[in-house]
Every structure is written in structure tokens, then in C-alpha cells.
Amino acid sequence: MALQSTEEQPIIQLDNVTFRYPGAEANSLEGVSLSIYRGDFIAIAGSNGSGKSTLCKCFNGLIPTYYSGDMEGTVFVDGIATAERSVAELSRNVAYVFQDFENQLVRPTVYDEACFAPLNFGYEDYKERGMNALRMLEIEHLRNEWIWQLSGGQKHMAALAAALALDPDVIVVDEPVAQLDPAHARVIYEKLKLLNERYGKTIVVIEHHTEFIADYCRKMVLMERGGRVRWVKSVAEGLSAVSELNEMNIQPPQVTQAFHALCREQAIEGALYPITIEEAALHWGSAAKRELPSTDAYASAASSSRSAGEPLVRFEGVISGYQGIDRKKKPILQGIDLSIHEGDRIALIGNNGAGKSTLLRLISGLRRPWEGKVTVCGRDTRKSTPEELSDLVAFLFQNPEEMFIADNIRQDVEYFLRARQQQGIEPFIEDVLRRFKLTELQQRDGRLLSGGQQRRTTLAIGMAMRPTIMLLDEPTASLDIASRKELTLLFDQLRDEVKAVVVATHDMQLVADWANRVIVMNEGRILLDTDSRTVFQHPDILDRAALVAPQIVQLCGRLGIEPACLSVEQFIAYMERAQREELVYGIG
Amino acid sequence: MELAEPARKSSIWEKLSVERIKIELLRTAYGQSRTFLSRFDPRMLIGWYSFFAIAPWFIHNKTVLIGMLLAIAVLTYTSKPSVLVFIVLAFGLVTDTAYMLIVALAFGGGLPAALALSTLTLKLLVIALASIAVFSSMDPEKLSDALLSLGMPAQFSFGVAYGYRMLPILIEEYNNLLYSYRLRGRTPLRKGLLGWRSLVYMGKISILAFYPLILNTAKRTRTTVEALEVKGFTYAVKDPKVKRIKLAYLKILPRDYAFLAISAIYVAFLFWLGNQYTL
């Protein structure tokens, strides 16, 4: 079954495709018809469980060849039905970068990885093909690096290079932003843009970070529950459908949300909203020119409450690090002096390798300072074991799966108290499970939960330890927007019970919404120790630490609003006030 | 990659921490590409090694064995193996010798019997050092290609290389799981004689931590298997052309023959010497 080849023939075409995984109770895709044309840069958005990954696995034939579920309808790639071709054949047309891309890398070095697929297909010039892929992404310098020594961003790059080595027409990337920090995610998108513009590749991304969709994609597919396609629109049109997106738990770009709230009445039906900072700056350029003094209404949030008295944690001239493969000691932290007080909600930010995790490990006692001293609630960590310190400090790892050590999550939550042979803990455990909405899930193994549920579980494990200080390493990484919002709400639960919280994060939204103290780290030193409003007024420091301020903060910078609004709500309040005053001035 | 220093005031733990083991393993695997033995063809090395791994079992002449040991000790030295490997080896030898002494004395053989048993130790030492010399000079990639070339199934040789690639990740994860046990567990309140309670505690969680590791790995494998499918690995396995292209770089050079010849002459000389002067 082959379609007639014409100029306008879509590179990928789905005809009324329905698919159900073997043993599943419901269809994952339901009557999907979709055409993707050569040279498109298209985003597939939708809430969790709306079949985005399933859809993309149809493109390269993993469905139905590899997953032999019930499939109806036909998928054409370059005019040929996928059912007639093997996965390997199709991978010359369609490349796939998985969401957990680290598990996709099977060879020891970047170069070997890039050459692997061309070698398997028996190309004599496989080395040249591998190198070409590295050249297209401009990562030739990484060719001899061991995969396990790469950073997350570099690993993603290597996975992309391996996918490119067969010179496919279409590249599918599953949630590039989920596992990477914002600066690295932007690098990946820049490369995808390059591949799209210079090499004419068709790019399909699964993405729910609408700010990336706005900046890079041209078309957008919205999937809804049950695996249906709601619509396919241009990105400008799609992102302007604010209420529809909200309904799907997709957060439109901040500037679009602000516009929606402020200008809904004036806007003509069907008109396009601004979706990028440039467009928003153009729109509001005139309105916000006028100087408005900042008011206490939202300045009060910034003042952090530094209580007097003995700090909970004190770092004095701490140097620490690790030993490299050449047995040389590599210092990561270089002379840290720091005090953490009661009431601190600290966001620890900085690029990868800046020393954030090392700092957290020093507080938990998993690691000792080479020089200097770390004191936790009056105890010298060099004289205590991590077991002893765990009475005071709860440390939640970046990867939740590394915290699931019991048979089910209830036992995980109980583990700490059981180890201490405490009696009558059932009511307390029930309460913790209820507060973190885990009562229904308590008999499940943590590994089998969704990302958001796993994070909730780790928070519950931490809470059940009744710690004085809680340390969290990247708690919002790889969460969708809805789960992230939920998590931020749960953070408020900690406030009453835990005296100080330290979160290492790349999530600037969390910094803006939650933290009352921000510590920026770079190359093992503390660059800046301030509050969340001030930190965004130092673009040079954010740059050095490879951080990107939230869109609304950037917009305020463009518009000259000082101090910057940290959230969409603050911005809306500011603009409404500006309009009112303009009105008053106008009359007067 | 972090250096961990688990228990307090215990230098032995610092030496034997999981992190330490990881570094040493990686050094053994990938650390040195420029040793004397690494210059030779891996297939030749495997052949050479199989002689020194098997022959000592059939040689009872101590002169020959000591001669072999000296040569192999020099080769082992040139391949700069990790200290950890030596610690393990030394531990094995010491316990082995002690065991033989006890057995010999207990069953009335006396010192002569112990001395006779020491031939076995000598054989084991030759074999162990030969393994160390060859495998710490050969990176896993070369080993895997040599195995493929020698007719092993492609899945097996791929498995060798893939195992090594996964090793650092698995050790890292194991270490973090171990930390999870420690950060929520509790050390015994009384340490017991020579800290035996603490040792039992550490031993127990070291074993328990493997279970979550296995489950996590099982979950991860799905993507890997899909990726192998997409990258055409399952098709390559059946295609002899792929094997030819992949192994095209393996060439046996004159220096490989020279090394074999010198080894053969040396062994022949040892047998001659062994006949002259039997120890």
C-alpha cells in the first residue's frame, strides 16, 4: 500500500489510527489523523497520559512492530505504510531521542555511540557518518569522552548525534526540557533549530513547556485524554487558546497569561496574543514606560526573616571535593562560609557542577569537609555518622528511585521510625500518607508510580522523619506543570514542621514563588546570597551561573519595571494599577 | 563521582568505600591505554593468556613455575594495575597459605607437606598475575572485539562492552541506595567487641541495597532494548558483513609474532633449565 508520490506529500501521515497496548483496558490512541510535512518544526503537547509518546512511537514503527497491541488505521512514512517495513528500516527515515535518553546510550564513548547505528546497518563508511553527525551538532570535541563522564546536557547531545548518524528526515525528541536545566535545554533547542533550518530536517518535539514552543516551534498539536487529537494549529494560534490550554493542565507562556488576564475584554475575538517576550515588549512598550514607584504591597515578600541566635547549620571555611579517576583530589567547594537560620527557605541555584549537591551532602554528613568545619545543630559532622545526623536532617535525593528501599511506599515512609523502634506510629503514618495523598497508593512499589507521585512519596518519607532541616536535590526536575504546582503547594506543609529547608534547583519559578533566600553558586563558591527579588536584578550573575530568569521577570526588565514582578499575578496587579493611575492623570 | 567516607574514625572504610572501588575498577578498565601489553593485538593476547592460565596446572617443576612468575611479574608491573586488585590478591594468598599451614600441621604432615602444597600457591600466583597483566592492559572494547573475532556470539561480545559502560552508573546508584539505607537507618547503639555489631550492620545493608538496584535496572532496560531495536542491533547480529566492517581494524602485526616467539623461547628455556636444576 503506497500513496502516490507528490510534491506536497506529507513525510508522516496518520489515517484514523487507534491503538491499544496489549493488556491495557483503554485505547492509548483514538482515531488519530495527522499530517506532518517536510521541514516542519512541530510540538506535540497534552497532559500526562494523553498518548503523546505512544503517538511518536507510531512514527518509527516501534508501534505496532515492537509493541504488538491492537492497531487500526494506517501510518505512512514518506508515502509507505509502516506496517510493511521493519523498525530498523524506518529508523533511516525517523530518528527517536527518548525521554530517559541516558538509557538509550549503549556504547562507551560519544564517537562509538554515533558510529553504532551506521555500523549496524553495514555502511562501509560508518566512521565518516558518525563524525558527520557530531559535526552537524558541533560536538566533535566530545568524540573521545566516556559517556559516563558527560553532563546531562552532553549526554542528550550524544543521544541526538547517534540518532542523526543515519541521516534521517525526521527527528522526534521526547521532552528535551524535562531532564535538563533550562540553559542546557535552550542549547538543545538551538541545535534542533539549526538542524531544521540548515539541514532541512523535520523536527517533532513532545513538549509542555510552552515558552520553548513559542520560541522555536511553528506548529502545535494538542492531545487530550483518551489519545485524541484536539487540534493542530500554528503556534501563535494554539498558545492564544489560553483557557483551553489551562483545561489540559498546560501553562501558556507567562506573557500570554498576563495578556489574557489584562486584555481579554479589549481583544477582538480570535485575535492572537503575544507569546514571546519580544511580542509582549512591543505590546506593552508604550503602556509601561511611565515610572511608577514600587510599593510595599509586594516588596514585603522579599524581606527574609533572619532570626537571631545560634544558626542551625554553620559552614566555616569548608573545602571538599572528590577523587578523580587519576587519583587526584578535585576540590568542588572552595572555602564556603555559610549560616542557615531558623525560618530560612533557601533556593540553592547554579550551573551543573557548581557544588550544590556537595553542599547538601556535607550537611547530611554523607561527606566530610577536607578542611574547615560543618556544624549541624551544634554537632560537628566529622564526629557524627549520617545515621546520627538523620535525626536532624532529612535529605531527599534527585532521583526518587534511589530512595525506594522497601517493598511498598508505606514501608518506605515508616522505615525511619521502625529503625528507631518507635511504638504507636500508625496514626502519624496514616496522617502523613493522607496529607501527601498517598493513602490509595500505599501498597504500591515506588518505582511503578508516576513522576509526580514519586516526588510526593519522597516528601512524605522526609516528613515522617520529623526533621529540623530538610534538604531537597532538584525536587521539580522532570515534572509536568500540574505536578510542579502541586509540589509547590505541598512545600507549604513543610513550613510549619521543618525549621529550615534547602532546595537545590534549576527551577526559577520555584525560586520566585517559594524561596525567601537565594544562594547562587558557581565553581565551588558562593556568588550571591540574597532574596529572590534581588537575584533577578543581577543578569550578569545569572549568566555566569547559566540560569534563566522567569519570562515575566525578563519582561519587566525589558519594560523597565523596577523592582521586577516575580509572578504573573504581581505583573497583572502592577499593570492594573498603572492603568488606573494613567486614568487619574488623564482626567487631572 | 564523589569520594565518600562512611563510618567515623575508620580508615579501613575509607580505603574500601564503594566510591573507591568504583574509581579503581574504572582505572583497571579504561584508565591506561598505553602500557606495554596494550600495544599488541587483543586476539593474540587472549591466546597468550590462555597458555599461561592453563599450562601451570600441568607443570610441577618449581624452577619452571618460578621462572614464569618472574617474567609475568615484570609484565604485570608494566601494566600498572590498581592497588585494590593487589590487596584482594594478597588477601587471597595470605589466607591460602595460612589455610595450608593449618591443614598440613593438623594432619601431621608437618612443614614438608606445607612446602609441597606451596607449589599450588605458586601456580595460582602465575595464573592470577597473568590475568591481571592482560586484563588491565586491554580495554573492554578491544576485549569485546577480540571475543567477537574469535567466534563468540555478537550478543555476548556486545554484553561485555555494555556491561563495562553500565558499571560506573550501577555503582553510583548502588552507592546512593546504600546512602538511603544509612540516612534512614540507625547504627547499633552498642558497637560490640571489635565493633562486630557495626560490621554486621554494614554488611547487612550492603547486601540489602542490591535488591532495589536490581529493580531499578530492570525498569531502565526497557528503553535500552527499544533503542537497540531502533539502532538496528538485532539485524546486525545476523549480518556477517557488519562483523567484517567492525573488526577491520584488528590486524596481527610482526610485533605480535615477535612477542609470541620470545615468550615461546623463554618458556622452552625454562623447561631446559628446570631439567638441569630441579628445585
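Residues numbered from 1 in each chain as written. Chains lettered and ligands numbered in written order. Predicted model: local features only at pLDDT ≥ 70, side-chain atom pairs only at ≥ 80, totals over all residues. Heavy atoms only, no water.

Student: I'd like a description of the overall build of chain A, backed by residues and values.
Tutor: Within chain A one finds 24 helices and 20 strands. For 588 residues, the compact-globule estimate of 2.2 N^0.38 gives 25 Å, and the C-alpha radius of gyration of chain A, at 26 Å, lies within 12% of that figure. Here the C-alpha coordinates of chain A stretch approximately 80 × 75 × 50 Å along the principal axes. Here chain A, with 588 residues, has 60% of them falling under the buried criterion. Looking at chain A alone, contacts between residues at least 24 apart form 67% of all its contacts between residues at least 6 apart. Across chain A, the 63 positively charged side chains and the 81 negatively charged ones have centroids separated by 5 Å. (Helix = DSSP H or I, 4+ residues; strand = E, 2+ residues; numbered from the N terminus. Rg over C-alpha atoms; globule rule 2.2 N^0.38 Å. Buried < 20%, exposed > 50% of the residue type's maximum accessible area, 1.4 Å probe, protein only. Contact = heavy atoms within 4.5 Å. Lys, Arg positive; Asp, Glu negative; His and termini not counted. Charge placed at Lys NZ, Arg CZ, Asp CG, Glu CD.)

Student: Describe the overall build of chain B, naming the residues involved and giving the relevant values.
Tutor: Of the regular secondary structure elements, chain B holds 13 helices and zero strands. When its helices and strands are written in sequence order, chain B yields α-α-α-α-α-α-α-α-α-α-α-α-α. Overall size of chain B, expressed as C-alpha extent along the three principal axes, is 65 × 65 × 30 Å. For chain B, the proportion of its 279 residues judged to be buried stands at 49%. Within chain B, contacts between residues separated by at least 24 positions form 79% of all contacts whose residues are at least 6 apart in sequence. Carbon and sulfur atoms make up 73% of the accessible area of chain B, which amounts to about 14500 Å² in all. Of the side chains in chain B, 32 bear a positive and 16 a negative charge, and the two mean positions are spaced by 5 Å. (Areas by Shrake-Rupley, 256 points an atom, 1.4 Å probe, with all protein chains shown as cover.)

Student: If you had to explain the interface of chain A and chain B to someone new, which residues and values would you point to?
Tutor: The partner chain B presents 59 residues to the 69 residues of chain A that form the contact. Of the roughly 6500 Å² buried at the junction of chain A and chain B (both faces included), carbon and sulfur atoms supply 55%. At the boundary of chain A and chain B, one finds eight salt bridges. A salt bridge links B:Arg182 to A:Glu387; its shortest N-O distance comes to 3.1 Å. Here chain A is connected to chain B by 28 residue pairs in polar contact (both at pLDDT 80 or more). For the side of chain A that touches chain B, the secondary structure elements donating two or more residues are α2 (62-66), α3 (87-90), α4 (110-120), β11 (313-323), α14 (356-364), α15 (386-389), α16 (409-419) and α18 (451-464) of chain A. If you tally residues by element for the side of chain A that touches chain B, the top one is α4(A), at six residues. The residue inventory of the side of chain A that touches chain B, partitioned by class, reads 33 nonpolar, 14 polar and 22 charged. (Buried area = accessible area lost by both parts, 1.4 Å probe. Salt bridge = Lys/Arg side-chain N within 4 Å of Asp/Glu carboxyl O. Polar contact = N/O pair within 3.5 Å; in protein donor to acceptor, adjacent residues only side chain to side chain. Nonpolar A, V, L, I, M, F, W, Y, C, P; charged D, E, K, R; others polar.)

Student: Can you tell me about the sheet that holds strand β5 (residues 80-81) of chain A, naming the residues and giving the values?
Tutor: All names here are of chain A. Ordered in space as β2-β1-β4-β5, the four strands form an open sheet in which the pairing is antiparallel. One side of each edge strand has no neighbouring strand; the edge strands of this open sheet are β2 (29-36) and β5. Judged from the seven bridges that link them, strand β1 (residues 12-20) and strand β4 (residues 70-77) form a sheet pairing that is antiparallel. When the bridges of β4 are listed, Thr-18 appears paired with Glu-72. Here helix α1 (residues 52-59) sits on the sheet and contacts β1, β2 and β4; the angle it forms with β2, its principal contact strand, is near 55 degrees. (Pairing = 2+ DSSP bridges. Axes fitted to C-alpha atoms, helices over the stretch in contact; angles between N-to-C directions.)

Student: Tell me about the packing of aromatic side chains, residues and numbers included.
Tutor: Counted by the stated rule, this structure contains 26 aromatic pairs over all chains. Each member of the aromatic cluster is reached from another via a ring pair, and the members are B:Phe36, B:Phe40, B:Trp48, B:Phe51, B:Phe52 and B:Phe259. Over the ring of A:Phe428 we find A:Arg466, and its NZ or CZ is 4.0 Å from the ring centre. (Phe/Tyr/Trp six-rings, centres within 6.5 Å; stacked < 30°, edge-to-face > 60°. Lys NZ or Arg CZ within 6 Å of the ring centre and 35° of its normal.)

Student: Give a detailed account of the pattern of salt bridges, specifying residues and quantitative values.
Tutor: Residue and element names in this part refer to chain A. Per the counting criterion, the structure on display carries 39 salt bridges over all chains. In this structure, the salt-bridge partner of Lys-155 is Glu-102, at a minimum N-O distance of 3.4 Å. Note that Lys-155 is positioned in helix α6 (residues 152-164) and Glu-102 in the loop between β6 (94-97) and α4, a separation of 53 residues in sequence. Assessed through its relative accessible area of 10%, Lys-155 is described here as buried.

Student: Which residues make up the pairing of strand β20 (residues 525-530) of chain A, and what values go with them?
Tutor: Residues and elements named next belong to chain A. Sheet analysis places strand β19 (residues 517-522) next to β20, joined by five bridges and oriented antiparallel. Among the inter-strand pairings, Val-518 is bridged to a residue of β20, identified as Thr-530. Hairpin connection between β19 and β20: a loop of two residues separates the two successive antiparallel strands, and Glu-523 in this loop has a positive phi of roughly 45 degrees.

Student: Please provide a residue-by-residue account of the UniProt feature "transmembrane region" (unreviewed entry) in chain B, values included.
Tutor: All names here are of chain B. Look at the UniProt record and you will see "transmembrane region" (unreviewed entry) annotated at residues 46-76, 83-107, 113-135, 147-164, 194-214 and 257-274. Segment residues 147-164 splits into 78% helix and 0% strand. End C-alpha atoms: 15 Å apart. For the annotated span residues 257-274, helix accounts for 100% and strand for 0% of the residues, and the straight-line distance between the end C-alpha atoms is 25 Å. (UniProt positions renumbered as here; feature names shortened; annotations may be inferred.)

Student: Can you lay out the packing of α16(A) against helix α17 (residues 426-435) of chain A for me, pointing to particular residues and giving the numbers?
Tutor: Residue and element names in this part refer to chain A. Taken N-terminus to C-terminus, the directions of α16 and α17 make an angle of 135 degrees; their axes are 11 Å apart at the nearest point. Comparing their axes, α17 and α16 come out oblique. Every pair of crossing elements has a handedness; the one defined by α16 and α17 is right-handed. Contacts from Arg-410, Val-413, Glu-414, Leu-417 and Arg-418 in α16 reach Glu-426, Phe-428, Ile-429, Glu-430, Val-432 and Leu-433 in α17. Grouping the amino acids of the contact of α16 with α17 by side-chain chemistry returns six nonpolar, no polar and five charged. (Parallel < 35°, antiparallel > 145°, perpendicular 65-115°, else oblique. Left-handed = near helix turned anticlockwise from the far one by under 90°.)

Student: I'd like a description of the packing of α6(A) against helix α7 (residues 182-198) of chain A, backed by residues and values.
Tutor: Residues and elements named next belong to chain A. It is at 9 Å that the axes of α6 and α7 come closest, and there the two elements cross at 20 degrees. Regarding the angle of α6 to α7, the classification is roughly parallel. In the crossing of α6 with α7, the sense of the turn from one axis to the other is right-handed. Across from Gly-153, His-156, Met-157, Leu-160 and Leu-164 in α6, the residues of α7 making contact are His-184, Val-187, Ile-188, Lys-191, Leu-192 and Leu-195. Here the contact of α6 with α7 is built from residues that sort into seven nonpolar, three polar and one charged.

Student: So, the layout of surface pockets: which residues are in play, and what are the values?
Tutor: Taken as a whole, the second largest pocket holds about 830 Å³ of empty space. Lining the second largest pocket are 30 residues, and of these A:Asp112, B:Asp139, B:Glu141, B:Lys142 and B:Tyr249 lie nearest its centre. Elements with a minimum of two residues in the lining of the second largest pocket: α4 and α5 (126-136) of chain A together with α2 (18-31) and α7 (140-149) of chain B. Broken down by element, the residue count for the lining of the second largest pocket peaks at five residues, all from α4(A). (1 Å grid on protein atoms, 1.4 Å probe; cavity = no way out; pocket = protein on both sides within 12 Å on 5 of 7 lines; lining within 4 Å. Points joined across faces, edges and corners; volume = space filled by probe spheres on them.)

Student: Before we move on, could you go through the environment of A:Asn27 and cite the residues and values that matter?
Tutor: Residues and elements named next belong to chain A. On the secondary structure map, Asn-27 appears in the loop between β1 and β2. Residues Asn-27 and Ser-483, 456 residues apart in the sequence, show an inter-C-alpha distance of 24 Å. Among residues more than four places away in sequence, those in contact with Asn-27 are Thr-18, Phe-19, Arg-20 and Gly-226. Reaching out from Asn-27, the side chain makes a polar contact with the side chain of Arg-20 at a distance of 2.8 Å.

Student: Pulling in residues and values, what's your account of the sheet that holds β11(A)?
Tutor: Residues and elements named next belong to chain A. Spatial ordering of the open sheet is given by β12-β11-β14-β15, a layout of four strands whose pairing is antiparallel. Looking at the sheet topology across the chains shown, the edges are occupied by β12 (329-340) and β15 (379-380). Both β11 and β12 contribute to a ladder of nine bridges, which runs antiparallel. Within the sheet, the bridge partner assigned to Ile-319 lies in β12 and is Gln-334.

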